[in-house]
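Examining the three-dimensional arrangement
Chain residues, written in single-letter form:
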Amino acid sequence: MFRIRKRPLKPEKEPELYNVLENYTDFDPPGNVMVCAMTCDEDIEHHAKILGGSYGIPVEDIQSLLEAGGLYTYPESGGVVTRGLFVCKVDPTGEAPKQTWVLDLQQTAETEQLARFSDITLIEAAERVFYRGLPKELQTRLTQKNLGLDYSKLDRSVAKGGDITYIDFRKDWSPYFKRKCTMPNGSMVETGGIQEFATLHGITVSQAEELMDQGGTLEIEDGVLACQVINNQPTVARFNSKQYAKAKELMESKDLHIMDALSEMAFNDPVLMGALRRAEGEN
């Protein structure tokens, strides 16, 4: 008797979300965005699922916005507005790619003021406020077809998808693009998403999420993680036990906040700064 062995079923692969990624996160806020675009047909259900999970918005609301465009205003938390607006811009002619972005609280206040005093719709005001905060280079490229990309120089798998169908301007720590963490020796390690970041540093996902959302420090087994959140953009550095001890000495002797003490310690650490200068010179 021969047994027929069944081949194990391969797990179903999720649809691709982005195949064009451009990093503008080094620019000053609020223009510090990651341009995440797709040249293939949009899978709206998958797109909505990912954006809903990223931004804490019900998937059905996101899907409606992706289909028709519009705004999502975050509800108040305990009577206080803590988050701004999610915006989806859809060209009714279909000629321009769909675009999504999030406005922070300051941009949202500017949007409401502009709409009120200029007698325009809230979504028109949201567009003006968002675009004027972007880097000039990106503003120019958004007026060009397909961001002005030379398709002859793109990977064939990207170029054959056709025109860009949608662009998500993102700032969250997404698994769909890499963010860097400065390590104790000055090297820069990339991680793509909260889970990968948490695994790298030996912390829980909830600890990582809290650090990214609120900033501050988190003590770990051999030192500390420090995160500064500027305009919803987290910047993370890891320090070893020796570096952390020096920072705590500075904090006590100079009456500094721990984040300021870590910054001063890093600035005066020749190994750390030397590695960072070399890294900047290579970029």
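As a starting point, this report considers the structure included with it.

1. Remarks on the pairing of strand S1 (residues 20–23)
Burial of the side chains of S1 is restricted to one face: Val20 and Glu22 are buried, whereas none of Leu21 and Asn23 on the reverse face is. Pairing between S1 and strand S2 (residues 34–38): four bridges, direction antiparallel. The residue of S2 that forms the bridge with glutamate 22 is valine 35.

2. Some points on the pairing of strand S6 (residues 166–170)
Here S6 lies mainly inside the structure; five of its five residues are buried. Side chains of S6 alternate between two faces, with Tyr166, Asp168 and Arg170 and Ile167 and Phe169 buried alike. Strand direction decides the pairing type here: S2 and S6, joined by five bridges, are antiparallel. Directly across from methionine 34, in S6, lies its bridge partner arginine 170. In terms of strand pairing, strand S5 (residues 98–103) meets S6 through three bridges, oriented parallel. Its bridge partner lying in S6, lysine 98 is registered against tyrosine 166.

3. Points about the nonpolar core
Judged by nonpolar contacts, the single largest core of 20 residues is most densely connected at Val33, Val35, Trp101, Phe130, Leu138, Ile167 and Phe169. For this core, the elements supplying multiple residues, two or more each, are S2, strand S4 (85–89), S5, helix H4 (122–132) and S6. In terms of residue count, the dominant contributor to this core is H4 (three residues). Listed in part, the 19 residues of the second largest apolar core include Met38, Leu66, Tyr72 and Phe177.

4. Here we look at the pattern of salt bridges
Two side chains of opposite charge can pair, provided their charged atoms sit close to one another. One pass over the full model with this rule turns up nine salt bridges. In this structure, glutamate 22 engages arginine 141 in a salt bridge whose closest nitrogen and oxygen atoms are separated by 2.4 Å. Of the two residues, glutamate 22 is situated in strand S1 and arginine 141 in helix H5 (residues 136–141); the sequence distance between them amounts to 119 residues. For arginine 141, a relative accessible area of 14% corresponds to the buried category. A salt bridge links arginine 132 to glutamate 110, with the shortest nitrogen-to-oxygen separation between them at 3.6 Å. Of this pair, arginine 132 sits in helix H4 while glutamate 110 sits in helix H3 (residues 105–118), and the two are 22 residues apart along the sequence.

5. Comments concerning the packing of aromatic side chains
Taken as a whole and judged by the stated rule, the model has ten aromatic pairs. Here tryptophan 101 and phenylalanine 169 contribute two aromatic rings whose centre-to-centre distance is 6.5 Å and whose plane-to-plane angle is 70°, an arrangement assigned as edge-to-face. In this pair, tryptophan 101 is assigned in strand S5 and phenylalanine 169 in strand S6, connecting sequence segments 68 residues apart. Residue class for tryptophan 101 comes out buried when judged on its relative accessible area of 0%. Where phenylalanine 130 meets tyrosine 131, the ring centres are 5.7 Å apart and the plane angle is 55°; that geometry is what we call tilted. What links up through ring pairs into an aromatic cluster is the set Trp101, Phe130, Tyr131 and Phe169. Above the ring of tyrosine 244, the side-chain terminus of lysine 248 is found at 4.4 Å from the ring centroid.

6. Regarding the sheet that holds strand S11 (residues 233–240)
Overall, mixed pairing links the five strands, which are arranged S8-S7-S11-S10-S9 in an open sheet. With one partner strand each, in any of the chains shown, strand S8 (188–191) and strand S9 (216–220) form the two edges of the open sheet. Ignoring strand direction, the axes of neighbouring strands in this sheet form an average angle of 25°. Here eight bridges tie strand S10 (residues 223–230) to S11, and the two strands are oriented antiparallel to one another. Its bridge partner being in S11, leucine 225 is matched across the sheet by arginine 238. Relative to S11, helix H9 (residues 241–254) is tilted by about 105°, and along the sheet it contacts S9, S10 and S11. Set on the sheet, helix H10 (residues 258–267) makes contact with S9, S10 and S11; between it and S10 the angle comes to about 110°.

7. Thoughts on the packing of H9 against H10
Relative orientation of the contacting elements H9 and H10 amounts to 120°, with a least axis distance of 8 Å. Here H10 runs oblique to H9, going by the angle between their axes. Regarding H9 and H10, the two cross each other, and that crossing is right-handed. Contact residues: Gln243, Tyr244, Lys246, Ala247, Lys248, Leu250, Met251 and Lys254 in H9; Ile258, Ala261, Leu262, Glu264 and Met265 in H10. Looking at the contact of H9 with H10, its residues break down into eight nonpolar, one polar and four charged.

Cut-offs and rules
Residues numbered from 1 in each chain as written. Predicted model: local features only at pLDDT ≥ 70, side-chain atom pairs only at ≥ 80, totals over all residues. Heavy atoms only, no water. Buried < 20%, exposed > 50% of the residue type's maximum accessible area, 1.4 Å probe, protein only. Helix = DSSP H or I, 4+ residues; strand = E, 2+ residues; numbered from the N terminus. Pairing = 2+ DSSP bridges. Core = buried A, V, L, I, M, F, W, Y, C linked by side-chain atoms within 4.5 Å. Salt bridge = Lys/Arg side-chain N within 4 Å of Asp/Glu carboxyl O. Phe/Tyr/Trp six-rings, centres within 6.5 Å; stacked < 30°, edge-to-face > 60°. Lys NZ or Arg CZ within 6 Å of the ring centre and 35° of its normal. Axes fitted to C-alpha atoms, helices over the stretch in contact; angles between N-to-C directions. Contact = heavy atoms within 4.5 Å. Parallel < 35°, antiparallel > 145°, perpendicular 65-115°, else oblique. Left-handed = near helix turned anticlockwise from the far one by under 90°. Nonpolar A, V, L, I, M, F, W, Y, C, P; charged D, E, K, R; others polar.

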